[in-house]
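# A look at the structure
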Amino acid sequence: MKKYIFITLSLLSFSIIAQKNYTWQQHVNYTMDIEMNVENYQFDGKQKLIYTNNSPDDLQFIFYHLQFNAFQPGSEMDIRLQNIVDPDGRMVNNMGTKENPIYESRISKLKPNEIGFQKILSLKQNGKPVNYEIMGTILKVTLNTPILSGNKATFEMEFKGQVPIQIRRSGRNNKEGVALSMAQWYPKMAEYDEEGWHANAYIAREFYGVWGDFDVTIHIDKNYTVGGTGYLQNPQEVGHGYEDTSKKLKIPKGEKLTWHFKAPKVHDFTWAADKDYLHDIKQVPNGATMHFLYKNKPKTVENWKKMEDEAIKTMIFYNDYIGEYPYKQYSIIQGGDGGMEYGMCTLINGDGRYSSIVGTMKHEMAHSWFQFVLASNEIKHAWMDEGFTSYISTIARHEMKEEKDDTFIFDRTYKTYNYLATSGKEEPLTTQADRYDTNMAYSIGSYVKGQIFLSQLGYIIGEKNLEKTIKKYYNDFKFKHPTPNDIKRTAEKVSGIQLDWYLNEWIETIHTIDYAVKSVDDKEISLARVGQMPMPIDLTVTYTDGTVENFYIPLQMMLGKKPTSAKALNNWSWGNPTYTFLASKSVKKVEIDSSLLMADIDRSNNIFEVK
Ligand SMILES: [Zn+2]
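Okay, so let's go over this structure. Chains are numbered independently. Their residues run from 1 in the order of the written sequence. Local features in this predicted model are restricted to residues of pLDDT 70 or higher, and side-chain atom pairs are both shown and tallied only at a pLDDT of 80 or more, whereas totals for entire chains, interfaces and linings draw on every residue. With hydrogens and water excluded, all non-hydrogen atoms of the structure serve as input to the side-chain values.

### Let's talk about the overall build of the protein chain
What the protein chain contains, in helices and strands, is 11 helices and 33 strands. For a compact globule the rule gives 2.2 Å times the number of residues to the power 0.38, and the radius of gyration it is set against comes from C-alpha atoms. Its C-alpha atoms give the protein chain a radius of gyration of 26 Å, within 12% of the compact-globule value 25 Å for 611 residues. In terms of its C-alpha atoms, the protein chain occupies a principal-axis envelope of roughly 90 × 55 × 55 Å. Only protein chains enter the area calculation, which uses a 1.4 Å probe; residues under 20% of their type maximum are buried, those over 50% are exposed, and those in between are partly exposed. For the protein chain, the residues scored as buried account for 58% of the 611 residues in total. All accessible areas in this document rest on Shrake-Rupley with a 1.4 Å probe, and a residue is counted as covered only by the protein chains that are shown. As displayed, the protein chain offers around 24,800 Å² of accessible surface, 50% of which is attributable to carbon and sulfur atoms. Secondary structure follows DSSP: runs of H or I at least 4 residues long count as helices, runs of E at least 2 residues long count as strands, and numbering of each begins at the N terminus.

### A look at the pairing of strand β22 (residues 289-295)
Most of β22 sits out of view: seven of its seven residues are buried. Side chains of β22 alternate between two faces, with T289, H291, L293 and K295 and M290, F292 and Y294 buried alike. Between strand β21 (residues 277-283) and β22, which follow one another and run antiparallel, lie five residues, and N286 among them has a positive phi close to 55°. Handedness of the β22-helix α4 (residues 298-321)-strand β23 (residues 329-334) crossover: left-handed. Two strands are counted as paired when DSSP detects at least two bridges linking them. Handedness of a crossover: with both strands directed away from the viewer, a clockwise path from the first strand across the helix to the second marks it as right-handed.

### Here's the deal with α4
With 24 residues, α4 should cover 34 Å at 1.5 Å per step; its first-to-last C-alpha distance of 35 Å lies within 8% of that length. At every residue, the bend is computed as the angle between two fitted axes, covering the seven residues ending there and the seven beginning there respectively. The sharpest bend along α4 measures roughly 30° and falls at E308. One or two residues past the end of α4 sits G323, with phi positive at roughly 160°. Expected helix span is given by 1.5 Å per residue-to-residue step, counting one fewer step than there are residues.

### Details of the sheet that holds strand β12 (residues 180-182)
Judged by pairing direction, the sheet is antiparallel, and its four strands sit side by side in the order β11-β12-β20-β17 without closing on themselves. Each edge of the sheet is formed by a strand with only one pairing partner; in this case those strands are β11 (171-172) and β17 (225-228). When β12 meets strand β20 (residues 271-274), the two strands line up antiparallel, connected through three bridges. Counted as the bridge partner of S181 is A272 from β20.

### What about the sheet that holds strand β8 (residues 131-135)?
The strand order β8-β9-β3-β13 describes an open sheet built from four strands, whose pairing is antiparallel. Edge positions in the sheet fall to β8 and β13 (188-189), since each of these pairs with one other strand and no more. Two elements, β8 and strand β9 (residues 138-147), share five bridges in a ladder whose sense is antiparallel. Pairing of Y132 across the sheet is with V141, part of β9.

### Focus: the nonpolar core
Counting 183 residues, the largest nonpolar core has L180, W185, I220, W271 and F453 as the members making the most contacts within it. Broken down by element, the residue count for this core peaks at 13 residues, all from helix α8 (residues 439-461). The contact definition used throughout considers only heavy atoms, calling two residues in contact when any of these lie within 4.5 Å. Dropping the residues within four chain positions of it, W185 is found in contact with M32, I34, F43, F68, Q118, V216, F269, T270 and W271. Think of a nonpolar core as a cluster: buried Ala, Val, Leu, Ile, Met, Phe, Trp, Tyr and Cys residues, connected wherever their side-chain atoms sit within 4.5 Å.

### A closer look at the packing of helix α9 (residues 463-477) against helix α10 (residues 484-495)
Under this scheme, a helix contributes an axis fitted over its contacting stretch, all axes are lines through C-alpha atoms, and angles between N-to-C directions fall in the 0 to 180 degree range. Two elements in contact, α9 and α10, have axes separated by 9 Å at closest approach and are oriented at 125°. What the angle tells us is that α9 and α10 run oblique. α9 and α10 meet at a crossing whose hand is right-handed. Contacts between α9 and α10 involve N465, K468, T469, K472, Y473 and F477 on the former and, on the latter, D486, I487, T490, A491, K493, V494 and S495. Of the residues in the contact of α9 with α10, the class split is five nonpolar, four polar and four charged. Angles are sorted into four bins: roughly parallel if under 35 degrees, roughly antiparallel if over 145, roughly perpendicular if 65 to 115, and oblique for all others. Crossings are classed by handedness, with left-handed meaning an anticlockwise turn of the near helix from the far one by less than a right angle and right-handed meaning a clockwise turn. Put simply, Ala, Val, Leu, Ile, Met, Phe, Trp, Tyr, Cys and Pro go in the nonpolar bin, Asp, Glu, Lys and Arg in the charged bin, and everything else, Gly too, in the polar bin.

### Looking at the packing of α8 against helix α11 (residues 500-508)
For the pair α8 and α11, the least separation of the axes is 11 Å and the interaxial angle reads 150°. Taken together, α8 and α11 sit at an angle that is classed as roughly antiparallel. The crossing of α8 and α11 is right-handed. Contacts between α8 and α11 involve K449, I452, F453, Q456, L457 and I460 from the first element and W501, Y502, L503, W506 and I507 from the second. The class makeup of the residues in the contact of α8 with α11 is nine nonpolar, one polar and one charged.

### Comments concerning the packing of aromatic side chains
How two aromatic rings sit relative to each other is set out by the distance from centre to centre and by the angle between their planes. Whether two aromatic rings pair depends on their centres lying within 6.5 Å, for rings of Phe, Tyr and Trp, where Trp uses its six-membered ring; planes under 30 degrees apart make the pair stacked, over 60 edge-to-face, and the rest tilted. Under the criterion given, the structure shown has 47 aromatic pairs. Seen from their ring centres, F43 and F68 are 6.4 Å apart, and the 75° between their planes marks the pair as edge-to-face. Separated by 25 residues along the polypeptide, F43 in strand β2 (residues 42-52) and F68 in the loop between β3 (59-65) and α2 (76-83) bring together distant segments of the chain. By relative accessible area, F68 is classed as buried at 0%. Their ring planes at 85° and their centres at 6.2 Å tell us that F43 and F159 sit as a pair that is edge-to-face. Placement of F43 in strand β2 and of F159 in strand β10 (residues 152-162) is noted, with a sequence separation of 116 residues between them. Here the two residues F43 and F159 agree in accessibility, since each one is buried. We count a charge as sitting over a ring when the NZ of a lysine or the CZ of an arginine lies within 6 Å of the ring centre and within 35 degrees of the ring normal. Sitting over the ring of F61, K140 keeps its end group 4.6 Å from the ring centre. Its end group placed over the ring of Y231, K328 keeps NZ or CZ at 4.7 Å from the ring centre.

### Brief notes about α11
Those residues of α11 lying buried are W501, Y502, L503, E505, W506 and I507. Each element contacted by the buried residues of α11 is listed here: α6 (382-399), α7 (411-421), α8 and α10.

### Regarding the environment of I461
If you trace the backbone, I461 turns up in helix α8. Sequence separation of I461 and I497 is 36 residues, and the distance between their C-alpha atoms is 7.0 Å. The contacts of I461, once residues within four sequence positions are left out, are L466, T469, A491, S495, I497, L499, K562 and P563.

### Some details on a positive patch on the surface
Taken together, the side chains of R397, K401, K404 and R412 make up a positively charged region of the molecular surface. By secondary structure assignment, the location of R397 is in helix α6. Using a relative accessible area of 34% as the deciding quantity, one classes R397 as partly exposed. For patches, a residue must show more than 30% relative accessible area and have no salt bridge; joins then use 9 Å for like charges and 5 Å for nonpolar side chains, namely Val, Leu, Ile, Met, Phe, Trp and Tyr. Salt bridge, as used here, is a side-chain nitrogen of Lys or Arg placed within 4 Å of a carboxyl oxygen of Asp or Glu. In this tally, Asp and Glu contribute negative charge and Lys and Arg positive charge; neither His nor the terminal groups of the chain are included. Every charge is mapped onto a representative atom, which is NZ of Lys, CZ of Arg, CG of Asp or CD of Glu.

### Remarks on the pairing of β9
Sheet topology places β3 next to β9; six bridges connect them, and they run antiparallel. Following the sheet pairing, F63 is matched in β9 by K140.

Without other data, these values stay purely geometric and don't point to any function.
Spelled out as structure tokens, the structure:
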């Protein structure tokens, strides 16, 4: 998801902690046939789901997500919107003033023909009807016979859906006039892993799914161009820019076209369709084919044409910086509301300023590596997705600039974190994504504090080690749903530095960092840890003779040191609030962390000058 509010707000390890053991993972195999009615926005669906229980447990029941049901008056999403102090501006109407807002939930105003729904018409387990119960956006199925460990079951479902007026992410007829943004649109099996079921209600965010193979057939009005997840199997039968122009088109007669997609090894399937889409195709050298689908409006066409080469360069950058994008295609599609990442595609707003479209494209594309291929549980660990995505896209924006300046590239990031940390509203990043008191605490926490988790990790283990960590993390955990301990263990293995304290303090608490230069007396320098969170210290000392010397004070509990050209001093243990050492010459000025990468919330005491 695009960080929406900030546009306006602007070696070997000595650890004995065992690595998460991926001995099993559930598997889904979906075959779906969808009959879309573009007049009333309803669709009839047939779904055959072969579910493989690779867990050591026998399952007595299973859960599906029915996310379209969130877009109904009285839904949990609606009621939450009416009660949160800072609702998402896209989901409410402000009936008051900017200063004294009175919000009205847009969901509460939806008429029966405008709501979203997924109605289950029939459901069978291995050919026999099975009992189920719908609780909001969750369908609970009590199985006729348990799915024993290591066994498969086939579920056949008939369902009817209605696409809601676009409120958030998915829906019809969004502000930019895109007819169908089809995200979270089908009954989707919830993930079951070593932690148990993750059948979370759809309240605001976000998603976690089961890896598997999708075979999706969509029958839709022949004038609509479709884009989304997967590889189109019958391009000569649909045309719309997908065809091999050296071969003859074989378009069947009739009012509808049949679009047949296959998507292997994905945990979601998303699509969008519009009558006015233009469709361009570009090839990443030795990489994926990129599809661009956007509305035929002069300014939009100009911006999107200009964005295409930038998108290719961005994918090359991520392939190089993180690891290979594993799929054969990626589609950038105008749709949605802002930007949202999906399998092999993104839906982004497309009518705005060029810089905004490109910024969103870079952010959403980076999600392909984190949200989609690594696929951490975003509901529990949103910071591992939004934070890491934001970090990589910040780096990409900087590295791809033609003219670089020396401004601190994370300047706004650290300032925004500082705002949260001193607001009294911060909550630990272990909070479930929907349960933060405010959207502000969720957003700044996961996007910004999550981003600083990596930039600050570079300060702790060294920049080169951070780059190695990101590559190793991706390579070791792709398609495995990594957890917070996995990124920590990867950084420990790469750097030889113990990092349990870092994960704990930065993610599981709201402790803040504040170090101060307490005093300078000729050659003697005294430092103090004012904040609760300990850190290693980089120190720049200017002597009275004008020379400069850099020092490095490792934090004792790291039980190791980062590679640095600075002179390493004795460790500073957490239990000691102060630290004193003797420099070689008379000192004029001392500065803590001139890199600015340590998120010190009060920098006024970081520099000390002898008067
Ligand atoms: Zn995002």
